[in-house]
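# Structure assessment
Given next are the chains, with one letter for each unit.
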Amino acid sequence: MAHRLFSCITHLISLASLWFWLTTTARAHTVISDETLNLIPSGSGDFNVENGVLLAPILIPRVPGTPGSEAAQKHFVDFFAKNLPKWTVEWHNSTSTTPATGDRQVPFKNLIFRRDPPWTVPGEVSRLTLVAHYDSLYKPEGFIGATDSAASCAILMHVARSVEGALERKWEAMGKGEGLDEEKGVQIILLDGEEAWVTWTDDDSLYGSRALAKDWEETPSEGVSTFSTQLESISLFVLLDLLGAPDPRVPSYFEKTHWAYQHLAAIEERLRRLGVMETEKKTGGFLPDSGKRSYQFTRGFVLDDHVPFMERGVDILHVIPTPFPAVWHTMDDDAAHLDIPTVRDWARIMTAFVAEWMELDGLFLPTKAADEQKPVYSEKSEL
């Protein structure tokens, strides 16, 4: 009886903590100053398609289970090991047959890179979750998928590197008693197996995300935790896809997370007002739906890696343009058709969004970032 009573009490405490977190998540998103926005780095030459350290190595075919896929995985792991050693890396592996490969089991390997406050324990941290898929189409042979989604992966690597110093300074100060403890971290998920092998169906698509969402829902956290599973610890699932073509238009897809979309759109508008963005603003900019009203939302959305998580109750912010880029699923989705100023502007926007979420105002240093803010209007491609 005592054991059952203790279990009941601890369960109630866990539910109460989760309720508190759920009711304060939106309010925890702060607005950073213009001074900090001016210090947000762009990545500069790191997005060069020929030799940029972030993007160039993954502008190759990346079909699951092939040497190209393994090369991309190595690039991601090596980058974090060399530049961000305090980020943990976790592999999530699964296998599946596909309509194109018959009975052969194809390996799908998701990579999760995570940065939590140093004093926290598993099960107690809510995490802003930034996501992109790194695999490319099986057919046509040689397909690269520069917008689909090599550029998004490179953008997320840039975000991680850009916020690391500010996170370190913030948590070091908090560890010295200069702030309240927080249980808020950030993780980047690079997913495998998003693409269909033959034709998009529920079974022939989203191989990596379906396996990961299922496992994270079914695997309990250790001990008495605020979040009973890793799935519950996702504060917001921000999925980037099909970014890197010029003049993107990203709608607000979900009313529940429209507040987060509005924060993202406000960042774009402020960066443009400060003269930091490289691209010219077309009608509405990248994110034109900030003023969307409740009655304008429908149940329609783009099928993508967020679906297995959304079906399990996770809040989604989907950053994907509609209409899709003109090069979508063609051999022209390559390095030559990327618009690098657009890629760098997305890198700025996403870095600033994370800086606001993680409350990093005033913690970016005026190093090389200041020089990067002088826009260089260049041709469409760096080839």
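A few points on the structure. (Residues numbered from 1 in each chain as written. Predicted model: local features only at pLDDT ≥ 70, side-chain atom pairs only at ≥ 80, totals over all residues. Heavy atoms only, no water.)

## Points about helix α4 (residues 146-175)
Here α4 spans 41 Å end to end across 30 residues, near enough to the 44 Å set by a 1.5 Å rise per residue. The sharpest bend along α4 measures roughly 35° and falls at E164. The buried fraction of α4 amounts to 23 of the 30 residues, a majority that puts the element mostly inside the structure. (Helix = DSSP H or I, 4+ residues; strand = E, 2+ residues; numbered from the N terminus. Expected span 1.5 Å × (residues − 1). Bend = angle between axes of the 7 residues up to and from the residue. Buried < 20%, exposed > 50% of the residue type's maximum accessible area, 1.4 Å probe, protein only.)

## Here we look at the packing of helix α3 (residues 67-83) against α4
For the pair α3 and α4, the least separation of the axes is 11 Å and the interaxial angle reads 10°. For the element pair α3 / α4, the angle class is roughly parallel. The segment α3 lies against α4, with H75, F76, F79 and F80 engaging C153, M157, A160 and R161. Considering only residue class, the contact of α3 with α4 consists of six nonpolar, one polar and one charged. (Axes fitted to C-alpha atoms, helices over the stretch in contact; angles between N-to-C directions. Parallel < 35°, antiparallel > 145°, perpendicular 65-115°, else oblique. Contact = heavy atoms within 4.5 Å. Nonpolar A, V, L, I, M, F, W, Y, C, P; charged D, E, K, R; others polar.)

## As for the environment of R299
Among the structural elements, R299 can be located in the loop between α6 (258-273) and α7 (307-310). Overall, R299 belongs to the exposed group, its relative accessible area being 82%. Along the chain, R299 and Y253 lie 46 residues apart, while their C-alpha atoms are 8.5 Å from each other.

## Some points on a nonpolar patch on the surface
A surface patch of nonpolar side chains, about 270 Å² in accessible area, is lined by W200, F301 and L303. Positionally, W200 belongs in the loop between β4 (184-191) and α5 (207-218). (Patch = residues over 30% accessible without salt bridge, like charges linked within 9 Å, V, L, I, M, F, W, Y side chains within 5 Å. Areas by Shrake-Rupley, 256 points an atom, 1.4 Å probe, with all protein chains shown as cover. Salt bridge = Lys/Arg side-chain N within 4 Å of Asp/Glu carboxyl O.)

## Points about the sheet that holds strand β3 (residues 126-133)
Taken in spatial order, the six strands make up an open sheet running β1-β2-β4-β3-β5-β6, and their pairing is mixed. Edge positions in the sheet fall to β1 (88-96) and β6 (316-319), since each of these pairs with one other strand and no more. Across the sheet, the mean angle from the axis of one strand to that of its neighbour is 20°, orientation sign disregarded. When β3 meets strand β5 (residues 234-240), the two strands line up parallel, connected through five bridges. Pairing of L128 across the sheet is with L236, part of β5. The sheet strands contacting α3 are β1, β2 (106-115) and β4, and the helix crosses β2 at an angle near 15°. (Pairing = 2+ DSSP bridges.)

## A few points about empty space enclosed by the protein
Applying the stated criterion to the full structure yields one cavity of 30 Å³ or more. Roughly 30 Å³ of internal volume is contained in the largest cavity. Around the largest cavity sit P64, D135, S136, L137, Y138, G193, E195, A196 and W197, which together line it. Tallied by class, the residues present in the lining of the largest cavity amount to five nonpolar, two polar and two charged. (1 Å grid on protein atoms, 1.4 Å probe; cavity = no way out; pocket = protein on both sides within 12 Å on 5 of 7 lines; lining within 4 Å. Points joined across faces, edges and corners; volume = space filled by probe spheres on them.)

## Some details on the packing of α4 against helix α8 (residues 340-357)
Look at α4 against α8: their axes get within 9 Å of each other, and the N-to-C directions meet at 45°. Relative to α8, the element α4 lies oblique. In terms of crossing hand, the pair formed by α4 and α8 is right-handed. Counted together, A151, I155, H158, V159, S162 and V163 of α4 and V343, W346, A347, M350, T351 and V354 of α8 form the full contact between these two elements. Its residues assigned to classes, the contact of α4 with α8 comprises nine nonpolar, three polar and no charged. (Left-handed = near helix turned anticlockwise from the far one by under 90°.)

## Regarding the pairing of β2
Side chains on a regular strand alternate between the two faces of the sheet. For β2, a buried count of eight out of ten residues is recorded, marking the element as mostly surrounded by other parts of the structure. Sheet topology note: the β1/β2 ladder contains nine bridges and is antiparallel. When the bridges of β2 are listed, S94 appears paired with F108. Alignment of β2 against β4, held across five bridges, turns out to be antiparallel. Residue pairing in the sheet places L111 in a bridge with L190 of β4.

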